[in-house]
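Coordinates in review
Chain residues, written in single-letter form:
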Amino acid sequence: MNEQTEKYCKESLVVRTSRVFPLDTNNHNTLFGGKLMSYIDDVASISAARHSRGETVTASTDSVDFLSPIRPEHSVCLESYVTWVGTSSMEVFVKIIAETLKTGERRLAATSFLTFVALDENGKTKRVPRVIPQSDEEIMLHNTAKQRAEERKNRRKHSQALAQAIGTDQPWS
């Protein structure tokens, strides 16, 4: 098989629209944050797989910023795509738009960045194609990705240090 060495961001684009049902809401009558986070990981994983054309694993959910509530009168539209790559890692951006179904008014409800790692058939990391941004949004996200990658690296170091400092004893012992 002839593997691609570069792909456009739009080649990994995933769009998912869902209705917000009462069972999806919390006591504030807004979409459960955990439900939205599940949607985010789902669409982002498809974007990563489309870009790598292989198995991927979520390495980290780098950020989820809830900007405005999503209510039962809304639909929720998630758009995800790969914005930046390392050797085997991929940064995926997810934009979450709430639409008031009766009026058509749309607003940005949340944003998220996740990192995925591509794996070969033996479960080892594999090289992914570089990504080429085209739209103004893609270019802006691509150009600011190195800073986010550095922040991820620093956060991971802090997480590893924390893991060394905290215990795993059973709390009831």
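No experiment lies behind these values; they were computed from the predicted model shown.

Take the packing of aromatic side chains next. The description of an aromatic ring pair uses the distance of the two centres, along with the angle that the planes make with each other. Under the defined criterion, the tally for this structure stands at two aromatic pairs. Summarising the aromatic geometry, the rings of Tyr81 and Phe93 are spaced 6.1 Å apart at their centres and angled 70° between planes, so their arrangement reads as edge-to-face. In this pair, Tyr81 is assigned in strand β4 (residues 74-85) and Phe93 in strand β5 (residues 89-100), connecting sequence segments twelve residues apart. Phe93 sits in the buried class, given a relative accessible area of 7%. Taking 5.0 Å as the distance between ring centres and 45° as the angle between the ring planes, the aromatic pair formed by Phe93 and Phe113 counts as tilted. Separated by 20 residues along the polypeptide, Phe93 in strand β5 and Phe113 in strand β6 (residues 106-119) bring together distant segments of the chain. Grouping residues by exposure puts Phe93 and Phe113 together as buried. One aromatic cluster in this structure is built from Tyr81, Phe93 and Phe113. Across the ring face of Tyr8, the terminal group of Lys10 is positioned such that the distance to the ring centre comes to 5.9 Å.

Turning our eyes to something else, we now look at the pattern of salt bridges. Counted by the stated rule, this structure contains ten salt bridges. One salt bridge connects Asp62 with Arg152, and the closest N-O pair in it is separated by 3.1 Å. One end of the pair, Asp62, is in strand β3 (residues 55-66); the other, Arg152, is in helix α3 (residues 145-165), and 90 residues separate them in sequence. Arg152 matches Asp62 in its accessibility class, with the two residues each being buried. Sharing partners across several salt bridges, the network here consists of Asp62, Glu91, Arg148, Arg152 and Arg155.

Right, let's get into unusual backbone geometry. Of note, the phi angle at Asn29 is positive, near 60°, even though the residue is not glycine. Turning to its location among the elements, Asn29 is positioned in the loop between β2 (14-19) and α1 (33-52). Asn29 gets classed as partly exposed once you look at its relative accessible area, which sits at 40%. One non-glycine residue, Arg53, lies in the positive phi region at around 50°.

Before going further, it helps to examine α3. For α3, built from 21 residues, the straight-helix expectation of 30 Å at 1.5 Å per residue is met to within 8% by its first-to-last C-alpha distance of 30 Å. By the burial criterion, the buried members of α3 are Ala145, Arg148, Ala149 and Arg152. Down the axis of α3, the buried set is contained in an arc of 100°. They therefore lie on one face. The exposed set on the far side of α3, more than 90 degrees from its buried face, consists of Lys146, Gln147, Lys157, His158, Gln164 and Ala165. Looking at the packing, one finds that the buried side of α3 touches β3, β4, β5, β6 and α2 (136-143).

Conventions adopted
Residues numbered from 1 in each chain as written. Predicted model: local features only at pLDDT ≥ 70, side-chain atom pairs only at ≥ 80, totals over all residues. Heavy atoms only, no water. Phe/Tyr/Trp six-rings, centres within 6.5 Å; stacked < 30°, edge-to-face > 60°. Helix = DSSP H or I, 4+ residues; strand = E, 2+ residues; numbered from the N terminus. Buried < 20%, exposed > 50% of the residue type's maximum accessible area, 1.4 Å probe, protein only. Lys NZ or Arg CZ within 6 Å of the ring centre and 35° of its normal. Salt bridge = Lys/Arg side-chain N within 4 Å of Asp/Glu carboxyl O. Expected span 1.5 Å × (residues − 1). Arc of directions from axis to C-beta. Contact = heavy atoms within 4.5 Å.

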